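Listed here are the chains, written in short residue letters.
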Amino acid sequence: MKKILCTLLVAILILAAARLQISAGGKYSRLLLLGDSITYGYGLEGTRDTCNSYGNLLGEYLGIRGGNFKNAAVNGDTSADLLALLPSLAGEIESADLIVITIGGNDLLSILWEAVAAVLGAAWPGNTELAAMLNNPEYIERFARQITVQKITDAIIGYTANLERIVGFIREKNPCGMVIFLAQYDPVSGAGFPEEVSAMSESAIMLLNAAMSETVTKRNCVWLDIYSFFEGKGPEWTFIREGDIHPNATGHYMIFRY
């Protein structure tokens, strides 16, 4: 009886180990990454396909490489850009069983760039200079006059319309695959910028995330709350101290873990 029980226990442990291996490495076989510079891996060492971005880490963890793995993210892309790109990726979308997307940050950043251009004209600052300006009350006031509630509202409305078409296209080509949209994190959170800057960033990104969450979950996609995960971690997980909003290597690893 004891020998039978031991044999049964071994069989159970082997089966459990096999299931764990399948859940980690066998559930998905084709991974497609879409979106903007976050998914591209901007700011990291290496290229889009060799850097330690969250997407590359995910592909390695799942054992998906070569022809079954594609990172089609483009630096600087807005929701309109991604929408225009999708038809050229129809085959990859159709065959993928896991699609992960970041999109929306540049829809909001375009408002900041317009404000900087309006305030400074041709004197375009570098990242470090811009970060210093966002700590300067004089420039904050001048930027704030350009970044109006109406501009943010218009950007969110346009983003939502584009996102509905993006999700519609993906679901038309791939009704059953796992599609994950990553929430937009707030790089300013915890970075010690003046209250006016922090409040403006927080409110705009929260509106964007609310629109994203509602839009994608209606079409059986997953909205992953990276925003809450990154709260207060801007200085640790992004390059914000250098005036760059992108995740650093730690930030990408934490997105991968999440």
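Residues numbered from 1 in each chain as written. Predicted model: local features only at pLDDT ≥ 70, side-chain atom pairs only at ≥ 80, totals over all residues. Heavy atoms only, no water.

### Quick word on the sheet that holds strand β2 (residues 69–71)
Taken in spatial order, the five strands line up as β2-β1-β3-β4-β5 in an open sheet, and their pairing is parallel. Edge positions in the sheet fall to β2 and β5 (222–224), since each has one partner strand and no second. Mean inter-strand twist for the sheet, computed between neighbouring axes without regard to direction, equals 20 degrees. Both strand β1 (residues 31–35) and strand β3 (residues 98–102) contribute to a ladder of five bridges, which runs parallel. Its bridge partner lying in β3, Leu33 is registered against Val100. (Pairing = 2+ DSSP bridges. Helix = DSSP H or I, 4+ residues; strand = E, 2+ residues; numbered from the N terminus. Axes fitted to C-alpha atoms, helices over the stretch in contact; angles between N-to-C directions.)

### Regarding helix α13 (residues 249–257)
All buried positions along α13 are accounted for by Gly251, His252 and Ile255. The arc that holds every buried residue of α13, seen down its axis, measures 100 degrees, which confines them to one face. If you follow the buried residues of α13, they end up packed against α2 (37–40), α3 (54–62), β4 (178–182), α11 (226–230) and α12 (234–237). For α13, the side-chain oxygen to backbone nitrogen distance between the N-cap and Thr250 is 3.1 Å, and the N-cap itself is Asn248. (Buried < 20%, exposed > 50% of the residue type's maximum accessible area, 1.4 Å probe, protein only. Arc of directions from axis to C-beta. Contact = heavy atoms within 4.5 Å. Polar contact = N/O pair within 3.5 Å; in protein donor to acceptor, adjacent residues only side chain to side chain.)

### A few points about the environment of Leu182
With respect to the helices, strands and loops of the structure, Leu182 is situated in strand β4. Here Leu182 falls in the buried class, since its relative accessible area comes to 5%. For the pair Leu182 and Ile103, spaced 79 residues apart in the sequence, the C-alpha separation amounts to 8.0 Å. Among all residues touching Leu182, those that are not within four sequence positions of it are Tyr54, Val100, Ile101, Thr102, Met212, Leu224, Ile226 and Ile255.

### Here's the deal with the confidence of the model for the protein chain
Chain-level pLDDT for the protein chain is 88 on average; 89% of the residues reach the 70-or-more range. Here residues 1–25 is a poorly scored stretch, pLDDT under 50, and it has five contacts once near neighbours within four places are set aside; other chains count. (pLDDT = per-residue confidence, 0-100.)

### Details of a negative patch on the surface
On the surface, Glu195, Glu196, Glu202 and Glu231 cluster together into a patch of negative charge. With a relative accessible area of 35%, Glu202 lands in the partly exposed category. (Patch = residues over 30% accessible without salt bridge, like charges linked within 9 Å, V, L, I, M, F, W, Y side chains within 5 Å. Areas by Shrake-Rupley, 256 points an atom, 1.4 Å probe, with all protein chains shown as cover. Salt bridge = Lys/Arg side-chain N within 4 Å of Asp/Glu carboxyl O. Lys, Arg positive; Asp, Glu negative; His and termini not counted. Charge placed at Lys NZ, Arg CZ, Asp CG, Glu CD.)

### Comments concerning the packing of aromatic side chains
Inspection of every chain in the model, using the stated rule, returns seven aromatic pairs. Consider the rings of Phe229 and Phe230, whose centres lie 6.4 Å apart with planes at 65 degrees: the pair is edge-to-face. Its relative accessible area of 1% is what places Phe230 among the buried residues. Taken together, the ring pairs connect Tyr185, Phe229, Phe230, Trp237 and Tyr258 into an aromatic cluster. Between the NZ or CZ atom of Arg65 and the centre of the ring of Phe69, over which it lies, the distance is 4.3 Å. (Phe/Tyr/Trp six-rings, centres within 6.5 Å; stacked < 30°, edge-to-face > 60°. Lys NZ or Arg CZ within 6 Å of the ring centre and 35° of its normal.)

### Structural notes on the nonpolar core
Of all hydrophobic cores here, the largest spans 52 residues; its most connected members are Leu34, Ile99, Ile101, Ile170 and Phe181. Counting residues per element, this core draws most heavily on helix α9 (residues 149–173), at nine residues. Filtering out sequence-adjacent residues up to four positions away, Ile101 remains in contact with Leu34, Leu82, Ile170, Val179, Ile180, Phe181 and Leu182. With 18 residues, the next largest nonpolar core counts Tyr28, Leu33, Ile180 and Trp237 among its residues. (Core = buried A, V, L, I, M, F, W, Y, C linked by side-chain atoms within 4.5 Å.)

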